[in-house]
Amino acid sequence: MSKKVERLRRATRSRAKIRELKALRLSVHRTSQHIYAQILDSESRVLVAASTVQKSVSEGLKNTGNSDAAAAVGKAIAEKAKAAGIGTVAFDRSGFKYHGRVKALAEAAREHGLQF
């Protein structure tokens with residue numbers, strides 16, 4: 001199996017559990033140059049989104065593909081979630097290891113008031 005197929009298999013298992021819990025999920029996707037975060041409801045409708053592609057997030061960042069950028073996205077998603085009245089979510093790492101940029105995003109979101 002390819003690396004991508006293995007990652008998607010891991011993502012499917014965790015998403016099935018989140019769907020069973022009927023919780024809002026904070027989904028993370030990363031590429032080599034950017035990182036994206038969305039909060040989705042049980043029917044996979046996007047409620048809140050933030051990424052390094054957005055000018056408001058990437059301003060002041062030297063690079064959009066590192067842990068500092070991921071922390072900026074975590075902060076932005078937490079602030080947007082608070083504004084939308086969302087306090088608790090389930091973290092969906094999309095099959096990526098909880099390490100590096102994914103971990104930085106999660107910790108920044110927690111620091112700024114999002115609970116998971």
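Notes on the structure follow. (Residues numbered from 1 in each chain as written. Predicted model: local features only at pLDDT ≥ 70, side-chain atom pairs only at ≥ 80, totals over all residues. Heavy atoms only, no water.)

So, the nonpolar core
If you look at the biggest cluster of nonpolar residues, it comprises 24 residues, and the most contacted ones within it are Leu26, Ile39, Val73, Ile77, Phe91, Leu105 and Leu114. Elements represented by at least two residues in this core include exactly β1 (25-30), β2 (35-40), β3 (46-51), α3 (67-83) and α4 (101-111). If you tally residues by element for this core, the top one is α3, at six residues. Sequence-distant contacts of valine 73, that is, excluding residues within four places in its chain, are made with Ile35, Ala37, Ala50, Ser51, Thr52, Val57 and Leu105. (Core = buried A, V, L, I, M, F, W, Y, C linked by side-chain atoms within 4.5 Å. Buried < 20%, exposed > 50% of the residue type's maximum accessible area, 1.4 Å probe, protein only. Helix = DSSP H or I, 4+ residues; strand = E, 2+ residues; numbered from the N terminus. Contact = heavy atoms within 4.5 Å.)

Some remarks on a positive patch on the surface
There is a patch of like positive charges on the surface, built from Lys3, Arg9, Arg10, Arg13, Arg30, Arg93 and Lys97. When residues of the positive patch are assigned to their parent elements, the largest contribution, four residues, is made by helix α1 (residues 3-21). Tracing the backbone through its elements, the reader meets lysine 3 in helix α1. (Patch = residues over 30% accessible without salt bridge, like charges linked within 9 Å, V, L, I, M, F, W, Y side chains within 5 Å. Areas by Shrake-Rupley, 256 points an atom, 1.4 Å probe, with all protein chains shown as cover. Salt bridge = Lys/Arg side-chain N within 4 Å of Asp/Glu carboxyl O. Lys, Arg positive; Asp, Glu negative; His and termini not counted. Charge placed at Lys NZ, Arg CZ, Asp CG, Glu CD.)

With respect to α3
For α3, built from 17 residues, the straight-helix expectation of 24 Å at 1.5 Å per residue is met to within 8% by its first-to-last C-alpha distance of 24 Å. In the core, the buried residues of α3 are packed alongside β1, β2, β3, α2 (55-58) and α4. (Expected span 1.5 Å × (residues − 1).)

Describing the sheet that holds β1
Strand order in the open sheet formed by four strands is β3-β2-β1-β4, with mixed pairing between adjacent strands. One side of each edge strand has no neighbouring strand; the edge strands of this open sheet are β3 and β4 (90-92). Here the average twist between neighbouring strands, direction ignored, is 20°. The sheet contact formed by β2 and β3 spans five bridges and is antiparallel. Directly across from alanine 37, in β3, lies its bridge partner alanine 50. Each of β1, β2 and β4 touches α4; the most contacted strand, β1, lies at about 145° to it. (Pairing = 2+ DSSP bridges. Axes fitted to C-alpha atoms, helices over the stretch in contact; angles between N-to-C directions.)

A word on the packing of aromatic side chains
With the rule as written, the count across this model stands at two aromatic pairs. Each ring, one from phenylalanine 91 and one from tyrosine 98, has its centre 6.1 Å from the other, and the planes form 85°; the classification is edge-to-face. Between the aromatic rings of phenylalanine 91 and phenylalanine 116, the centroid separation amounts to 5.2 Å while the plane-to-plane angle is 15°, which identifies the pairing as stacked. Here phenylalanine 91 is found in strand β4, whereas its partner phenylalanine 116 is found in the segment after α4, with 25 residues between them in sequence. Given a relative accessible area of 28%, phenylalanine 116 falls into the partly exposed group. Joined through ring pairs, the aromatic side chains of Phe91, Tyr98 and Phe116 make up one cluster. (Phe/Tyr/Trp six-rings, centres within 6.5 Å; stacked < 30°, edge-to-face > 60°.)

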